[in-house]
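Overview (structure and organization)
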Amino acid sequence: MKLLEFDQLSVAFDTEAGTVRAVQDVSFDVAAGEVLGVVGESGCGKSVSALALMGLLPRPAARIAGSAIRFGGRSLLDLPADELRQLRGNEIAMIFQEPMSALNPVLSIGEQLCEPLIAHRRLTPRAAWAQAEALIARVGIARPAEIARAFPHQLSGGMLQRVMIAMAISCAPRLLIADEPTTALDVTIQAQILELLRELRREQQMAMLLITHDLGVIAELADRVAVMYAGRVVEQGPVRELFRNPRHPYTRGLLASRPVPGRRLARLAAIPGQVPDPLSLPPGCAFAARCPERRTDCEQRRPALRRLDADHRVACFAAEGVSA
Amino acid sequence: MTTLILRLFGQRRRAEQLAGRLAHAHSPLAEALRRLARNRLAMAAALFLALLVLLCLIGPYFSPWRNDATDALMINRPPSASHWLGTDFLGRDVLTRLLMAGRISLTVGFASVVLSVAVGYTLGALAGYLGGVVDLAVMLLADLLMTLPSLPLLIIMGAVLSELKVPPDYRIYLVMVILSLIGWPTLARLIRGQVLSLRERDFMLATEVLGLSTRRRLFRHLLPNTVPLLIVVATMGVANAILNEAYLSYLGLGVVPPTPSWGNMMDTANSLIDFQRRPWLWMPPGLAIFATVIAINLLGDGLRDALDPKMKP
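Report follows, based on the coordinates. Since we're looking at a predicted model, the values are computed, not measured.

Section: the overall build of chain A
- Looking only at helices and strands, chain A has 12 helices and 13 strands in total.
- For chain A, the C-alpha radius of gyration of 21 Å lies close to 20 Å, the compact-globule estimate for 324 residues.
- The principal-axis extents of the C-alpha atoms in chain A amount to approximately 65 × 50 × 40 Å.
- For chain A, the residues scored as buried account for 51% of the 324 residues in total.

Right, here's the structure in full:
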């Protein structure tokens, strides 16, 4: 059974300038213990999807339409706020891009780590503190007793991200949402954090929703990938297959625009043009204006996400044409 | 002496640096207090205030004169060995009355700030955190109170209190309530603003993601972040309240004789003869108000710098 299922999720925000369709008909699923990478540039709806999953979208500003998010068979969108709160931090946990700002400056590391343990595990403060120290050690920080008494401003970004991870895994969640977990960190620290995530996932059989714009991170950690563009999933498939055989022109563009060490190019390949204005998305394929393989009807008709083979789906007429 | 203390400080700091920063993990508040301890001006102000409070508290017990003891043979005497600050028109010892007045003025200042902080902080935090109707109602009330010109309001209230023949001892409490009523909207606005901005910070989103209860998020995570602002505003508020009490009492609307206060002691300056010939009657309370307010403001400035360097206007 799938642990997490997004079924035709659509989220729209009503703003003064008009309706922003942040996420449209997004469907994907994550099996228990699996890592799904969600890639796309900023504003493509990655983070909105994650917030919808946590039930943290501001309502009524955000409209969630005709869709379902199921976690362990339960529909999260119908869940009462109280039950959803018990799920958050307990079965679904999340880590953020900026560990510096995601920790409270006036509370010590230990105090903050105790919070979910007290809230969900009903531990006494003393037991929670011991557990907090164990968690700090668990994420590979030396001198846990001292770190527990330290305050966020005394630690480095990498350490803080480890603390955030410790906090997220404190109640042994079944799903971890990692929203750009390494973006704000130094490259050397990035590798360490990815290694830690990989290790935790293996040991705790924890599924992950890995949201990033960095294909390198996806290659390191993910089992499957969903590529998002302008609020829609344009391609989805196993990571190896998708990297080796990208079918959507946008995915190809993304892969081509990564710098590859050792290969010297006069210019780094870039995808020309810009992401369409979310206030006025075109009726057809949102990528059509930038697409090198555009066909005549691409701007009028929108390609549906179709299955190519076993688990590889793509929403592109050109790709369909090739496979057909 | 000072250099010795400073040297001790310096050495301890160096020792801490050697032991590694983490060996002494200090909360931001504790670190701010250490920064404050290095601000000489603020520390001098704090020392002055501590001495003042001590003097007002225990001074009268050592005085040979009773606060309200009149002496028909010793009226309006200039300072002398027996009456250090002279006597007033009833032959009362000015120094003793000054210290007693200090008790009253400082108490009124403190108590009205405590009261206005209790009201303003609660309402401001609620308005900022809950938003919606609560926010609207609180801010409407605050705006309403801020649009009322305070001096005419105070004069009317003072007149009403006199008309109702409220006994002088009891009137002090009413003065505190009136002062705090005037003081809370400013604080409520500041706290509301800060709560509004803190509410949107990532760490508050993080507490929501962790599934913490609303009460815990508010009291354990959000409100502790407002404490620095609260400390600074409350400190400055005391100076303001002391000044306001002085206005009121000077105009005969606040603390009324025979209860002494710095404000009503300065009332003697209204008489031309007292003003020209008997400066010992009105200079000491005036200087006391001046020095106290300056000291509180210096301490407040120091606290602000220590708690949040970015808060500097």
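Concerning the packing of helix α3 (residues 40–62) of chain B against helix α13 (residues 279–307) of chain B
All names here are of chain B.
- Direction vectors running N to C along α3 and α13 enclose 135°, while the axes themselves pass 8 Å from each other. Judged on the interaxial angle alone, α13 and α3 are oblique. The chirality of how α3 crosses α13 is left-handed. Here L41, A42, A45, A46, F48, L49 and L52 of α3 come into contact with α13, specifically with A291, T292, A295, I296, L298, L299 and G302.
- Its residues placed into classes, the contact of α3 with α13 shows 12 nonpolar, 2 polar and no charged.

Side note on unusual backbone geometry
All names here are of chain A.
- Unusually for a residue other than glycine, Q205 sits at a positive phi of about 55°.
- Relative to the helices and strands, Q205 is located in the loop between α8 (187–204) and β9 (207–212).
- Residue class for Q205 comes out exposed when judged on its relative accessible area of 57%.
- Positive phi is not limited to glycine here, since A230 has a value of about 50°.
- Turning to its location among the elements, A230 is positioned in the loop between β10 (224–229) and β11 (232–238).

Some details on helix α11 (residues 249–256) of chain A
Residues and elements named next belong to chain A.
- Burial within α11 is extensive, with 6 of its 8 residues counted as buried.
- Of the residues making up α11, those classed as buried are P249, Y250, T251, G253, L254 and L255.
- Elements that come into contact with the buried residues of α11 comprise α9 (215–221), β10, β11 and α10 (239–244).

A closer look at helix α9 (residues 214–222) of chain B
- What α9 of chain B keeps buried is the set R217, L218, H221 and L222 of chain B. Buried residues of α9 of chain B, viewed axially, fall in a sector of 120°; they line one side. In this structure, α9 of chain B carries R215 and F219 of chain B as exposed residues pointing more than 90 degrees from its buried face.
- Those residues of α9 of chain B that are buried are in contact with α4 (109–120) of chain A together with α4 (94–130), α7 (168–199) and α8 (202–209) of chain B.

Overview of the interface of chain B and chain A
- Between chain B and chain A, the contact holds 24 residues from the first and 32 residues from the second.
- Interface area, chain B with chain A, both sides summed: about 2,500 Å², of which 60% is carbon and sulfur.
- Linking chain B with chain A are 3 salt bridges, by the criterion used here.
- Close ionic contact of R216 of chain B with E115 of chain A constitutes a salt bridge, the shortest N to O distance being 2.7 Å.
- Along the contact surface separating chain B from chain A lie 11 residue pairs in polar contact (both at pLDDT 80 or more).
- Within the residue set of the side of chain B that touches chain A, elements represented by two or more residues are α2 (28–37), α8 and α9 of chain B.
- The dominant element in the side of chain B that touches chain A, judged by the number of residues it contributes, is α8 of chain B, at 6 residues.
- Its residues assigned to classes, the side of chain B that touches chain A shows 10 nonpolar, 7 polar and 7 charged.

Topic: the packing of aromatic side chains
Residue and element names in this part refer to chain A.
- One pass over the full model with this rule turns up 4 aromatic pairs over all chains.
- Judged by centre distance (5.1 Å) and plane angle (85°), the ring pair of Y229 and F287 falls under edge-to-face. Here Y229, found in strand β10, pairs with F287, found in the loop between α11 and β12 (306–309); they are 58 residues apart in sequence, far enough to count as distant.
- The exposure class of Y229 is buried, given its relative accessible area of 2%.
- Of the residues examined, F287 reaches a relative accessible area of 2% and is grouped as buried.
- Here Y250 and F287 contribute two aromatic rings whose centre-to-centre distance is 5.2 Å and whose plane-to-plane angle is 65°, an arrangement assigned as edge-to-face. Here Y250, found in helix α11, pairs with F287, found in the loop between α11 and β12; they are 37 residues apart in sequence, far enough to count as distant.
- An aromatic cluster is built from Y229, Y250 and F287, whose rings are joined through pairwise contacts.

Remarks on the pattern of salt bridges
Residue and element names in this part refer to chain A.
- In this structure the tally under the stated criterion is 29 salt bridges over all chains.
- A salt bridge links R301 to D297, with the nearest nitrogen and oxygen atoms 2.9 Å apart.
- On the basis of relative accessible area, R301 is assigned to the partly exposed category, the value being 45%.
- Judged by its relative accessible area of 26%, D297 is partly exposed.
- Linked by salt bridges that have partners in common, K2, D29, E34, R224 and D311 make up one network.

Some thoughts on the sheet that holds β10 of chain A
All names here are of chain A.
- Pairing within the open sheet is mixed, and its 8 strands lie in the order β7-β8-β9-β3-β10-β11-β13-β12. A strand with exactly one partner marks an edge of an open sheet, and here the two such strands are β7 (92–95) and β12. The average undirected angle you get between the axes of adjacent strands in this sheet is 20°.
- With 4 bridges connecting them, β7 and strand β8 (residues 175–179) associate as parallel partners. Residue pairing for β8: I92 is matched across the bridge by L175.
- On the sheet, helix α7 (residues 157–169) packs against β7 and β8 and is oriented at approximately 175° with respect to β7.

Cut-offs used in this document
Residues numbered from 1 in each chain as written. Chains lettered and ligands numbered in written order. Predicted model: local features only at pLDDT ≥ 70, side-chain atom pairs only at ≥ 80, totals over all residues. Heavy atoms only, no water. Helix = DSSP H or I, 4+ residues; strand = E, 2+ residues; numbered from the N terminus. Rg over C-alpha atoms; globule rule 2.2 N^0.38 Å. Buried < 20%, exposed > 50% of the residue type's maximum accessible area, 1.4 Å probe, protein only. Axes fitted to C-alpha atoms, helices over the stretch in contact; angles between N-to-C directions. Parallel < 35°, antiparallel > 145°, perpendicular 65-115°, else oblique. Left-handed = near helix turned anticlockwise from the far one by under 90°. Contact = heavy atoms within 4.5 Å. Nonpolar A, V, L, I, M, F, W, Y, C, P; charged D, E, K, R; others polar. Arc of directions from axis to C-beta. Buried area = accessible area lost by both parts, 1.4 Å probe. Salt bridge = Lys/Arg side-chain N within 4 Å of Asp/Glu carboxyl O. Polar contact = N/O pair within 3.5 Å; in protein donor to acceptor, adjacent residues only side chain to side chain. Phe/Tyr/Trp six-rings, centres within 6.5 Å; stacked < 30°, edge-to-face > 60°. Pairing = 2+ DSSP bridges.

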